[in-house]
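Structural overview for review
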Amino acid sequence: MATILLIHDQSAAGGVLSEMIEKLQHQVIETDSAEEAIACVSGGNATVDVVILDHHSQSQWLIETLTELQSQPRLASLPMVVLTADDVKSDDVIEAMRLGAFDHLTRPLGLDELSAVVQRALSRPKQPDAAVPASGGGERHDDRLGRVVDDQVDAGRLLEGADVAALAADDA
């Protein structure tokens, strides 16, 4: 059983999602703000495995909350899943992913879909606690993206001197 920290921007909105998480046999800790979530985790009273940001309507809530959570060492290393309605601007979702969100779900949300994302989040390698610079959480993703690009460039350099046609024939 994992502990899911559920942060929502409307206090009455978390009931159905909490019930879904409990059906998946996970414990739920609910908060209405980043400040409450930080206090909950910083106090050492709760060990959290996954964070879900349940975004309904407040315009900048998602980005501000994610940025604040990512600045906290004990939270920045956790997988953070963003849940939004279909009508949320795609720019907000893209920015949330750039800032380090693990995954994105949209409402209406099925139990199987929630289960799959939570299981992926729980099975990912544990990240060490580390504060993300206040300038934004994208640095970690930028570093990973940079390594992927560097690997592709290195592979391209290896192939420059190779007979690509001969390599393709060997694969056939």
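Provided above is the structure to which this section pertains.
What you see is a predicted model; the values in this text were computed from it and never measured. Per chain, residue numbering runs from 1 following the sequence as it is written. Selection of residues for local features in this predicted model requires a pLDDT of at least 70, selection of side-chain atom pairs for listing and counting requires 80 or more, and totals for whole chains, interfaces and linings are taken over all residues. The side-chain numbers reported here are obtained from all heavy atoms of the structure, hydrogens and water having been left aside.

In this section: the overall build of the chain. Secondary structure follows DSSP: runs of H or I at least 4 residues long count as helices, runs of E at least 2 residues long count as strands, and numbering of each begins at the N terminus. Within the chain, the secondary structure is distributed over 8 helices and 5 strands. Start at the N end of the chain and walk to the C end: the helices and strands fall as β-α-β-α-β-α-α-β-α-β-α-α-α. In the chain, which comprises 172 residues, the proportion classed as buried is 40%. Contacts are assigned to residue pairs that have any heavy atoms within 4.5 Å of one another. Put simply, 67% of the contacts in the chain that link residues at least 6 apart link residues at least 24 apart. Surface summary for the chain: the accessible area is close to 9500 Å², and the carbon and sulfur share equals 52%. Three exposure classes are used, based on accessible area relative to the maximum for each residue type with a 1.4 Å probe and protein chains only: buried under 20%, partly exposed in between, and exposed over 50%. Throughout, the Shrake-Rupley method with a 1.4 Å probe supplies accessible areas, and for residues the shown protein chains are the sole cover considered.

Only the stretch in contact is used when fitting a helix axis, every axis being a line fitted to C-alpha atoms; angles between N-to-C directions are given from 0 to 180 degrees. Orientation of helix H2 (residues 34-42) relative to helix H3 (residues 61-70), taken along the N-to-C sense of each, is 20°, at an axis distance of 9 Å. By the angle between their directions, the pair H2 and H3 is classed as roughly parallel. Of the two possible hands of crossing, H2 and H3 adopt the one that is right-handed. Residues Ala34, Glu35, Ala37 and Ile38 of H2 touch H3, and the partners they reach there are Thr65, Glu68 and Leu69. Taken together, the residues of the contact of H2 with H3 break down into 4 nonpolar, 1 polar and 2 charged. Angles are sorted into four bins: roughly parallel if under 35 degrees, roughly antiparallel if over 145, roughly perpendicular if 65 to 115, and oblique for all others. Left-handed is the label given to a crossing in which the near helix is rotated counterclockwise from the far helix by less than a right angle, and right-handed is the label when the rotation is clockwise. Under the scheme applied here, ten amino acids are nonpolar (Ala, Val, Leu, Ile, Met, Phe, Trp, Tyr, Cys and Pro), four are charged (Asp, Glu, Lys and Arg), and all others, including Gly, are polar.

Turning next to the sheet that holds strand E4 (residues 80-84). When DSSP finds two or more bridges between two strands, those strands count as paired. Strand order in this open sheet of 5 strands is E2-E1-E3-E4-E5, and the pairing throughout is parallel. Every interior strand has two partners, whereas the edge strands, strand E2 (27-31) and strand E5 (103-106), have only one. Averaged over neighbouring strand pairs, the angle between their axes works out to 25° when direction is ignored. Summarising the sheet, strand E3 (residues 50-54) and E4 pair through 4 bridges and their orientation is parallel. The partner of Ile52 across the bridge, within E4, is Val81.

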